[in-house]
2 protein chains.
Amino acid sequence: MARVTLQSIAERVGVSRMTVSNAFSRPDQLSDALRERILAVAAELGYLGPDPSARSLATGTTGTIGVLWAKELRYSLADEVSARFLGAVADELAPSGLALTLVPAIAEGSVVPARDVAMDGAIAFSCDPELPALDWLQRRGLPVVYVDMAAPRGGVAITIDDRGGARAAARHVVALGHRRIALFTSGFGDEPGPTTGQLLPEAGRIRVIAERHAGWLEGLDAAGIVPLWVNQPNTYADAREAARAMLAVPDRPTAVLCLTDVLASSVMAAAADAGLGVPGDLAVVGFDDHPLALRSRPRLTTVRQDVEAKGRAAAQALLALVAGRADVTLSRPRSRRLPVQLEVRGSTSGGVQLDR
Amino acid sequence: MARVTLQSIAERVGVSRMTVSNAFSRPDQLSDALRERILAVAAELGYLGPDPSARSLATGTTGTIGVLWAKELRYSLADEVSARFLGAVADELAPSGLALTLVPAIAEGSVVPARDVAMDGAIAFSCDPELPALDWLQRRGLPVVYVDMAAPRGGVAITIDDRGGARAAARHVVALGHRRIALFTSGFGDEPGPTTGQLLPEAGRIRVIAERHAGWLEGLDAAGIVPLWVNQPNTYADAREAARAMLAVPDRPTAVLCLTDVLASSVMAAAADAGLGVPGDLAVVGFDDHPLALRSRPRLTTVRQDVEAKGRAAAQALLALVAGRADVTLSRPRSRRLPVQLEVRGSTSGGVQLDR
DNA sequence: CAGTCTATCTTTACCGGTACAGACTATAGC
DNA sequence: GCTATAGTCTGTACCGGTAAAGATAGACTG
């Protein structure tokens, strides 16, 4: 299959290659009559439109933006919250005709995707700031928007008020009178269950984890409460084992604050398995307001974030950065911190009235 | 920021441009000493490695493969099952250094991603076979693997036994003695709730829908049962309204077979809202064996598919196709239909023993 | 010591487009 | 009638690499 190129069409029609190029890319540069003739010949020859790579080389733009993922995609995408974020980004980008490339931050083999994948810009999503891949993005001079992580100096970050939300969650259970409170989270290694260990440094660099922990502690410290830390290894496995271990400790906690709704959901399942009533025996609070939160019985009290708004904000900021490279008169997009909202539902209130 | 190119490095070191290229791409083509010198100069000048677009143009490969999505990504990715499929594909591809580009099948504006995005191959995931985007992929001569959809003649398809699974689900509830059975699905338009309408043509072309419906009917027809069709508009909204309407009909069904676990989960929530016991008042069967199925109380009887195996199979088939283009002696990968398995749990059995 | 390798580097020729600066009309304005 | 102006089209010069074959020289073979 000999490839049909601009050149072959040009020869057939009897015009210059440039004119054929314009027929596709800049219709205003030639007469309609000629354009139609060119397009007809192109169709006849089976021309597929300008070659993406060649155009990309010539113009310096690729038509795709990358999303840098820290974790293995298997895990990240399995999480509905991350996936919805990605979906919102993709949809916000679609009208501009930009596709979205998933770029693994962790290199396997010699290919370094953050260096070798063609893209016009990138969104770094909840990455360890020390990842070499981030360096590559910057060295390439690509516009980058940082989501759920700190931006380097001058960078654009889109975050949510993780700390405030976690603090509100902690205050909520404290206000309900709970004193034995567990913090159900990740980042303490591979052992599921209650832990007295240190948060792993790499986990501490994940902003979402660090900030939610900080918020919880702010809320608990004020009441002089020392929490029970419970670890869930950061894999895709069901968190029920860790939850079971938590519920088996002497002086079992009466309330548990969870890093995410997905973890909270497993906690609720474990509570049911153990014959414990929620919220009567155990109050549970999640984070994210995942669809799970509404599907669970009782409905889950949680800190709502608008993950789709976050995705849209990130996409818009990145679009502005990409456009700003071409037109320096445009103002740079600003970092934003989106608000969160504590949603009190049946998993803590117990009152049917609040459970709608 | 003047770009550092191979040429500038070559001049600085005093060798040909080709040698510099080889220093990066084919280390065996030059002496180690020279290579080190070149890399040193490259580092000093801030060279970032070969430009992806230029390399892509010269070699004819892009280092990315596309995944064609029919629905808006916002919806597709929000579904944990789709998302896990995508994650499995991405992880299977990662060792080959291939990135993954999400390609919207529905064009917005003049850009046709399936035509304009650079890629080495594509996975079409549960698309309407009549989508123009599929044509573009074929006209480009790209290797394509079709997942959860029929492949065109000679194409490679990875599917699951949707029909057999649905049939097993139907037989299961029939065997339990149910006679008033609802089929909770999508594809009948925008009205939620029981319907007597026709399945929309575009929905009928979605293999997953068509096959699961066919399987259900095979199972019910054998028992002479006429089901109640219940429609859930194909949006991201919670399906509880449709479920509520279903439970409000006179002669309320005693069993409901659902297109997916996500829908089943909403049905169970609606049952709880209506004060109905599962499985006592209403038996519920899902499809997919989504993590939800295990988290729900009672646990959801469902048809298990291994979505990650599906993703891996698709990725492997595509890798084989891509490799086969270069080396025609390789055998073409074959279409596969992966098995499914009915998982009987508490939402139909009622027996505690089966609910573990 | 001629002949043949092998390793190393260079030369030539693309890959398939687009940007930008003319050049050549035809029309309009005065 | 002569010059602006706009509308079309062409020519040239890149974009930044890689493939494949050729050149050169020292090592090895018999």
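Residues numbered from 1 in each chain as written. Chains lettered and ligands numbered in written order. Predicted model: local features only at pLDDT ≥ 70, side-chain atom pairs only at ≥ 80, totals over all residues. Heavy atoms only, no water.

Some details on the protein's contact with DNA strand D
The environment of DNA strand D is formed by 28 residues, the closest being A:Thr19, A:Ser31, B:Arg3, B:Arg17 and B:Ser21. Protein-proximal atoms of DNA strand D, defined as those within 4 Å of the protein, fall in sugar or phosphate at a share of 62%. Separating a phosphate oxygen of DNA strand D from a side-chain N or O atom of B:Ser25 is a distance of 2.9 Å. Where the surface near DNA strand D is concerned, the elements lending two or more residues are helix 2 (17–25) and helix 4 (52–59) of chain A together with helix 2 (17–25) and helix 4 (52–59) of chain B. Among the elements that make up the surface near DNA strand D, the one with the highest residue count is helix 4 of chain B (five residues). (Near = heavy atom within 4 Å. Polar contact = N/O pair within 3.5 Å; in protein donor to acceptor, adjacent residues only side chain to side chain. Helix = DSSP H or I, 4+ residues; strand = E, 2+ residues; numbered from the N terminus.)

Remarks on the domain arrangement of chain A
How large an interface is tends to be reported as the accessible area lost when its parts come together. Under the domain assignment used here, chain A contains domain 1 (6–50), domain 2 (64–160 + 307–336) and domain 3 (162–305 + 342–355). A C-alpha centroid distance of 36 Å is found between domain 1 of chain A and domain 2 of chain A. (Domains from an automatic or database assignment.)

Quick notes on the sheet that holds strand 7 (residues 193–194) of chain A
All names here are of chain A. An order of 7-8-6-9-10 is seen for the five strands of this open sheet, with the pairing classed as mixed. Taken across any chain shown, the strands that pair with only one partner, and hence form the sheet edges, are strand 7 and strand 10 (283–285). In the packing of helix 9 (residues 162–175) onto the sheet, contacts are made with strand 6 (181–185), strand 9 (255–258) and strand 10, and the angle to strand 9 comes to roughly 170 degrees. In this fold helix 11 (residues 207–221) packs onto strand 6, strand 8 (228–231) and strand 9, with an angle of close to 175 degrees to the strand it touches most, strand 6. (Pairing = 2+ DSSP bridges. Contact = heavy atoms within 4.5 Å. Axes fitted to C-alpha atoms, helices over the stretch in contact; angles between N-to-C directions.)

Description of the relation of the copies chain B and chain A
To go from the first copy of the chain to the second, apply a rotation about an axis and then a shift along the same axis. Mapping chain B onto chain A is achieved by rotating through 180 degrees and translating by 0.0 Å along the same axis, at an RMSD of 0.1 Å. Put plainly, the chains are arranged around a two-fold axis. Nearest to the rotation axis, the C-alpha of B:Thr101 is located 2.0 Å from it, this being the minimum over chain B. Here 100% of the contact residues of chain B are again contact residues in chain A; the copies associate through an equivalent surface. (Least-squares fit on C-alpha atoms with pLDDT ≥ 70 in both.)

Some details on the interface of chain B and chain A
Counting residues at the interface gives 53 residues for chain B and 53 residues for chain A. When chain B packs against chain A, the two sides together hide about 4,800 Å² of surface, and 57% of this comes from carbon and sulfur. If you look at where chain B meets chain A, you find four salt bridges. With a closest N to O distance of 3.8 Å, B:Asp273 and A:Arg299 form a salt bridge. If you look at where chain B meets chain A, you find eleven residue pairs in polar contact (both at pLDDT 80 or more). Listing elements by their share of the side of chain B that touches chain A, those giving two or more residues are helix 4, helix 5 (73–78), helix 6 (80–93), strand 2 (99–104), helix 7 (113–116), helix 8 (132–139), helix 13 (261–273) and helix 14 (291–295) of chain B. When the residues that make up the side of chain B that touches chain A are grouped by side-chain class, the tally is 27 nonpolar, nine polar and 17 charged. Direction of pairing for strand 2 (residues 99–104) of chain A relative to strand 2 of chain B: antiparallel, over a ladder of three bridges. (Buried area = accessible area lost by both parts, 1.4 Å probe. Salt bridge = Lys/Arg side-chain N within 4 Å of Asp/Glu carboxyl O. Nonpolar A, V, L, I, M, F, W, Y, C, P; charged D, E, K, R; others polar.)

Regarding the packing of helix 2 of chain A against helix 3 (residues 32–45) of chain A
All names here are of chain A. Following both chains from N to C, one finds helix 2 and helix 3 inclined at 95 degrees, their axes separated by 10 Å at the closest point. The pairing of helix 2 with helix 3 is recorded here as roughly perpendicular in orientation. Contacts between helix 2 and helix 3 pair Thr19, Val20, Ala23 and Phe24 from the former with Leu34, Arg35, Ile38, Leu39 and Ala42 from the latter. Class assignment for the residues of the contact of helix 2 with helix 3 results in seven nonpolar, one polar and one charged. (Parallel < 35°, antiparallel > 145°, perpendicular 65-115°, else oblique.)

Brief notes about the pattern of salt bridges
Within the structure shown, the criterion is met by 36 salt bridges over all chains. In this structure, the salt-bridge partner of A:Glu343 is A:Arg345, at a minimum N-O distance of 4.0 Å. Residue classification places A:Arg345 among the buried positions, given a relative accessible area of 8%. Taking the shortest distance from any N to any O, the salt bridge between B:Asp289 and B:Arg345 comes out at 3.2 Å. Of this pair, B:Asp289 sits in the loop between strand 10 (283–285) and helix 14 while B:Arg345 is found in the loop between strand 13 (341–343) and helix 16 (346–349), placing the two residues 56 residues apart along the sequence. Of the two residues, B:Asp289 and B:Arg345, both sit in the buried class. Via salt bridges that share partners, B:Asp162, B:Arg163, B:Arg167, B:Arg207, B:Glu211, B:Arg212, B:Glu218 and B:Asp288 belong to a single interconnected network. (Buried < 20%, exposed > 50% of the residue type's maximum accessible area, 1.4 Å probe, protein only.)

A word on the side chain of A:Asp162
Mapped onto the secondary structure, A:Asp162 falls in helix 9. Once you skip the residues sitting within four places of it in the chain, A:Asp162 turns out to touch A:Arg207, A:Val208, A:Glu211, A:Arg212 and A:Phe287.

Notes on helix 6 (residues 80–93) of chain A
Since the α-helix turns once every 3.6 residues, residues separated by three or four places project in the same direction. Over its 14 residues, helix 6 of chain A extends 20 Å from the first C-alpha to the last, a length consistent with the 20 Å expected when each residue adds 1.5 Å. The buried count for helix 6 of chain A comes to 13 of 14 residues, which makes it a mostly enclosed element. (Expected span 1.5 Å × (residues − 1).)

Remarks on the protein's contact with DNA strand C
Taken together, 27 residues are adjacent to DNA strand C, and A:Arg17, A:Ser21, A:Ser25, B:Thr19 and B:Ser31 come closest. Sugar and phosphate atoms constitute 60% of the interface atoms of DNA strand C, taking the interface as everything within 4 Å of the protein. A:Tyr47 has a polar side-chain atom sitting 2.9 Å from a phosphate oxygen of DNA strand C. Taking A:Arg55, its side chain carries an N or O atom lying 3.3 Å from a phosphate oxygen of DNA strand C. Counting residues per element, the ones that place at least two in the surface near DNA strand C are helix 2 and helix 4 of chain A together with helix 2 and helix 4 of chain B. At five residues, the largest contribution of residues to the surface near DNA strand C is made by helix 4 of chain A. Along the lines of polarity and charge, the residues of the surface near DNA strand C split into 13 nonpolar, eight polar and six charged.

A closer look at the sheet that holds strand 12 (residues 336–338) of chain B
If you trace the twelve strands from one edge of the open sheet to the other, you get 12(A)-5(A)-4(A)-3(A)-1(A)-2(A)-2(B)-1(B)-3(B)-4(B)-5(B)-12(B), paired in mixed fashion. With partners counted over all chains shown, the strands left at the sheet margins are strand 12 (336–338) of chain A together with strand 12 of chain B, one partner each. Here the strands of the sheet are splayed against their neighbours by 20 degrees on average, with no regard to which way each runs. Sheet analysis places strand 3 (residues 122–125) of chain A next to strand 4 (residues 144–147) of chain A, joined by four bridges and oriented parallel. By the bridge assignment, A:Phe125 is partnered in strand 4 of chain A with A:Val147.

A look at the side chain of B:Arg240
With respect to the helices, strands and loops of the structure, B:Arg240 is situated in helix 12 (residues 240–247). A polar contact is formed between the side chain of B:Arg240 and the backbone oxygen of A:Leu294, at a distance of 3.3 Å. In this structure B:Arg240 touches A:Leu294, A:Arg295, A:Arg297, A:Arg299, B:Ser266, B:Ala269, B:Ala270 and B:Asp273, once residues within four positions along its chain are discounted.

Brief notes about the packing of helix 1 (residues 6–13) of chain A against helix 2 of chain A
Residue and element names in this part refer to chain A. For the pair helix 1 and helix 2, the least separation of the axes is 8 Å and the interaxial angle reads 110 degrees. By the criterion of interaxial angle, the relationship of helix 1 to helix 2 is roughly perpendicular. Of the residues in helix 2, those touching helix 1 at Leu6, Gln7, Ile9 and Ala10 are Arg17, Val20, Ser21 and Phe24. Split by residue class, the contact of helix 1 with helix 2 holds five nonpolar, two polar and one charged.

Things to note about the environment of A:Ala124
Relative to the helices and strands, A:Ala124 resides in strand 3. Those residues in contact with A:Ala124 that sit more than four places away from it in its chain are A:Leu68, A:Leu134, A:Val144, A:Val145, A:Tyr146, A:Val147 and A:Met149.

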